[in-house]
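Topology and contacts: notes
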Amino acid sequence: MPEQATEVTAAGIARLAGVGRAAVSNWRRRHADFPKPVGGTETSPSFALPEVEQWLRDQGKLAEVPLRERVWQQVAGHPEGAVTALTHTGCALLLVRDRPTAWLELTAVSDERMAGVLPHAMEEVLGARLGPDTEARARSGGPVPSGRAVAPVLTGSDTPAGRPSDGSPAAGSPAGDAGSVHSPSAVHTARAVPTPSTDALLPSVPLLRAAAELAAGIGAGQTFEFLLGRQLDANPRQYTLTPPGLAELMAALAETGKDTDQPGGRRPVRSVLDPAAGTGTLLRAVAGPAELLAQEVDPALAALTALRLALHGDGSPRSTPARTVRGGDALRADAFPQLAVDTVLCHPPFNDRNWGHDELAYDPRWEYGFPARTESELAWVQHALARLRTGGTAVLLMPPAAASRRSGRRIRADLLRRGALRAVIALPAGAAPPYGIPLHLWVLRKPGGELRPVPELLLVDTTDPVGPGTATGTQTSGGRDRPDWPAVHAAVLDAWRDRADHPGVSRVVPVIELLDDDVDLAPARHLPRPAAGGGAAGLEDVRERLADTLRLTADLTPPPAELSAPAHRPLTTVGELARAGALLLRTGTGTAPRTDTGTTPVLTEHDVLAGTAPSGTPAPPPTAAPGTPAPDDLVLLEPGDVVVPVLGAGSVARVVDEATAGAVLGRNLQLLRPDPAAIDPWFLAGFLRGTANHRQASSYASTAARLDARRLQLPRLPLAEQQRYGEQFRALAAFEDALRTAGRLGGELVRGMYDGLTDGTVTPR
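What this report covers is the structure whose coordinates are included nearby. No experiment lies behind these values; they were computed from the predicted model shown.

1. Quick word on helix H24 (residues 681-688)
Counting buried residues along H24, eight of its eight residues qualify, which places the element largely inside the surrounding structure. Of all the positions in H24, only Pro681, Trp682, Phe683, Leu684, Ala685, Gly686, Phe687 and Leu688 are classed as buried. The N-capping residue of H24, defined by a side-chain oxygen 3.1 Å from the backbone nitrogen of Trp682, is Asp680.

2. Some points on the pairing of strand E8 (residues 388-398)
With ten of eleven residues buried, E8 lies mostly within the body of the structure. Handedness of the strand E7 (residues 341-346)-helix H16 (residues 376-386)-E8 crossover: right-handed. Two strands pair when backbone bridges link them, and E8 and strand E10 (residues 440-445) are joined in this way by six bridges, in the antiparallel orientation. When the bridges of E10 are listed, Met398 appears paired with His440.

3. Considering unusual backbone geometry
Of note, the bond from Pro433 into Pro434 is cis; its omega dihedral lies within 30 degrees of zero at -5°. Secondary-structure assignment places Pro434 in the loop between strand E9 (421-426) and E10. Although it is not a glycine, Asn351 adopts a positive phi angle of roughly 55°. With respect to the secondary-structure elements, Asn351 resides in the loop between E7 and H16. Unusually for a residue other than glycine, Asn668 sits at a positive phi of about 60°. Its location among the elements puts Asn668 in the loop between strand E18 (664-665) and strand E19 (669-674). Given the relative accessible area of 30%, Asn668 is considered partly exposed.

4. Section: the sheet that holds strand E17 (residues 654-655)
Across the sheet, four strands lie side by side as E14-E19-E16-E17; this open sheet has antiparallel pairing. Looking at strand neighbours, the two that pair on one side only are strand E14 (583-587) and E17, the edges of this open sheet. Note that strand E16 (residues 642-645) and E19 share four bridges and pair antiparallel. Each residue of the ladder has a partner; that of Val643, found in E19, is Leu671. Lying over the sheet, H24 contacts E14, E16, E17 and E19, oriented at roughly 15° with respect to E16.

5. Considerations on the sheet that holds E8
The strands making up a sheet are joined through hydrogen bonds of the backbone, oriented either antiparallel or parallel. Taken together, nine strands build an open sheet; the order of strands is E6-E5-E4-E7-E8-E10-E9-E11-E12 and the sheet is mixed. Each edge of the open sheet carries a strand with a single partner, namely strand E6 (323-327) and strand E12 (506-510). Averaged over neighbouring strand pairs, the angle between their axes works out to 15° when direction is ignored. Contacting E7, E8 and E10, H16 runs over the sheet at an angle of about 155° to E8.

6. Brief notes about the nonpolar core
It is characteristic of soluble globular proteins that their nonpolar side chains tend to be buried jointly. One finds Leu253 and Leu441 to be the most contacted residues of the largest nonpolar core, which totals 90 residues. If we ignore the near neighbours within four places in the chain, the residues touching Leu253 are Val395, Ile425, Leu441, Val443, Val492, Leu493 and Trp496. Residues Val341, Ala403, Ile411 and Val519 belong to the second largest nonpolar core, which totals 43 residues.

7. Re the packing of helix H21 (residues 539-556) against helix H26 (residues 719-759)
Between H21 and H26, the least distance of the axes is 9 Å, while the angle of their chain directions is 155°. Of the possible angle classes, the one that applies to H21 and H26 is roughly antiparallel. Here H21 runs over H26; the crossing is left-handed. Between H21, through Leu539, Val542, Arg543, Arg545, Leu546, Thr549, Leu550, Leu552, Thr553 and Leu556, and H26, the contact on the second element is made entirely by Ala734, Phe735, Ala738, Leu739, Thr741, Ala742, Leu745, Gly746, Glu748, Leu749, Gly752 and Met753. Classifying every residue of the contact of H21 with H26 by side-chain character gives 14 nonpolar, five polar and three charged.

8. Quick word on helix H15 (residues 299-311)
Helix length check: H15 (13 residues) gives 18 Å between terminal C-alpha atoms against 18 Å at 1.5 Å per residue, within 8%. Of all 13 residues that make up H15, 13 are buried, and the element is covered over most of its length. Sitting at the amino-terminal end of H15 is Asp298, which places a side-chain oxygen 3.0 Å from the backbone nitrogen of Ala300. A positive phi of about 95° marks Gly313, the residue just after H15.

About the thresholds
Residues numbered from 1 in each chain as written. Predicted model: local features only at pLDDT ≥ 70, side-chain atom pairs only at ≥ 80, totals over all residues. Heavy atoms only, no water. Buried < 20%, exposed > 50% of the residue type's maximum accessible area, 1.4 Å probe, protein only. Helix = DSSP H or I, 4+ residues; strand = E, 2+ residues; numbered from the N terminus. Polar contact = N/O pair within 3.5 Å; in protein donor to acceptor, adjacent residues only side chain to side chain. Right-handed = clockwise from strand over helix to strand, strands pointing away. Pairing = 2+ DSSP bridges. Contact = heavy atoms within 4.5 Å. Axes fitted to C-alpha atoms, helices over the stretch in contact; angles between N-to-C directions. Core = buried A, V, L, I, M, F, W, Y, C linked by side-chain atoms within 4.5 Å. Parallel < 35°, antiparallel > 145°, perpendicular 65-115°, else oblique. Left-handed = near helix turned anticlockwise from the far one by under 90°. Nonpolar A, V, L, I, M, F, W, Y, C, P; charged D, E, K, R; others polar. Expected span 1.5 Å × (residues − 1).

Rendered as structure tokens:
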């Protein structure tokens, strides 16, 4: 595609220049020579990328467009859409990785000649990785070319045998007819990634050259991951994603079940199936050598998943286990009807009333009962069991209602009686979409053969894990959509391996206790939360700590105030101090790169308001390519920093101490880093908390107040006088912390007493 045709949105311009979207809006208003929109809509205009680049250079805001940004903009501006561009790019990256010498030969010619030879070369690598294009063979009536040497130069009209030369999409391709995936012949024979034609590839050649250049620096697989991540980021409502932390947990649960396999041992290479693959995140999380099989109803997504799995890992086609991806609805048109795999991992669609209830009434997969129309999730459970070998493990993500709806109680009862359902695990809210609901994991094992049914079910509740070293009521979530995955992994995997009772976390329940009229398998019903304060035995300890805290609070109570007339002192603003270099202003993003030693904690807005330790769990920016440097806007806290929330009407400021230093500054927070030779941090924090000061610096244009930290005012005082005020403000902060601790312990003692009196563990006096 000619580079001049590439367009970029305001968000893309912000990425190019390394600024926020607000800065781009300001440029458009303040600079009459800012490029005019060439497309998009009134609310989301798009601009010509070359014009934007030139303007940024002229303004000194851009030295050179990063290569990864240039490649992404070419993907986003592709005339056939970003999905087609990603498919072509993935095919080219396979060629770059598997046959680098052939790629160099191909790129030595013109774009037209390169487009002519690419289909043949791509068919060779696609056939080696994903199997032959049997659909193309059926259309042509002959074999699909594969395994032959790549000619360095061909005419622009040369195309692989059986492929259309007019650029029309083949059935099952991203631009093809989505309805064709329900045809059994298409489902069972069509490769998920058809070989692109010459005409289809011609607009993509500049993109493919740029993507290969990026792959030379960070690798073919990481290049595709970066571009796919950007596409998913740009269209969040089009895709239901499985977070990587959840995918790793599901894969680990399936792996830890290997010791219960059939006698004779586990096969060296196990087979893993995902019948609702989506973007392939679950299969990508599988550790060790494994044959990966997938089916996805969306043909475009199936193609991207196939390329993603093919590019994952660096083994040769001969040494890498097969990756087989098929299109189609796994319930209506199963692509693997005779398959028996070791593991099934699945994140099925929820609440799907059009899952095939009418046409699948007599399907042999309903071994545990015919699911009701409202029980699509139980249909996926039985489909997973039908594709397992005896003793194989399935792990499915399920909505919590599937564990308790009356319409599914008979199927749940049969799963329990026959020992197929081994565990139900409640996850914290935010584990996966929909983020406001605590979803469940079901772990199943296919019964039969020499395996005896296990007369018990493991129930695990991690919605608020409590265990050794974890205070009752402590939230492990790093935010609404960011659970503390290391803590969740540890709680779940320990419970699954031990299969033991841990109060408030896990319980092994005899099946006979669950086979009542409801067959309710929700862990919350069978795992009552532990009493506050650790039960009756821990109430005395809570009472003693409360008494100590109350004595400390009394000692820290400020002395009587000495009244005086209002002082009239010269004032300055935070903005003026920042311009003078007396302090540094930064805004938090809450993102941080993952390292081999874990993740850096994030100081969240809730932590600042509640006075607690950093509790957020960061994730690397989803659009960043693996291995790239940390983002420029990453802010790590240092001792003496002052942090203020920017939303809400409360006046709060927190001085960072040694214990909090090193954490990442979270979203909706601003950091003020004073020069200790000019400004005392406690003096700064104290005056920022003044009610009148906070009100005059806040904006009330919307339903919530927003603080402009630059407008906050400070008196001009010598450093010695600042330190005198600072000591007073420090003492007030210690008093406030003691009050907060006393309130928490008092509430814990009251709840514990209520629980003990009502359950009989505490007797009234």
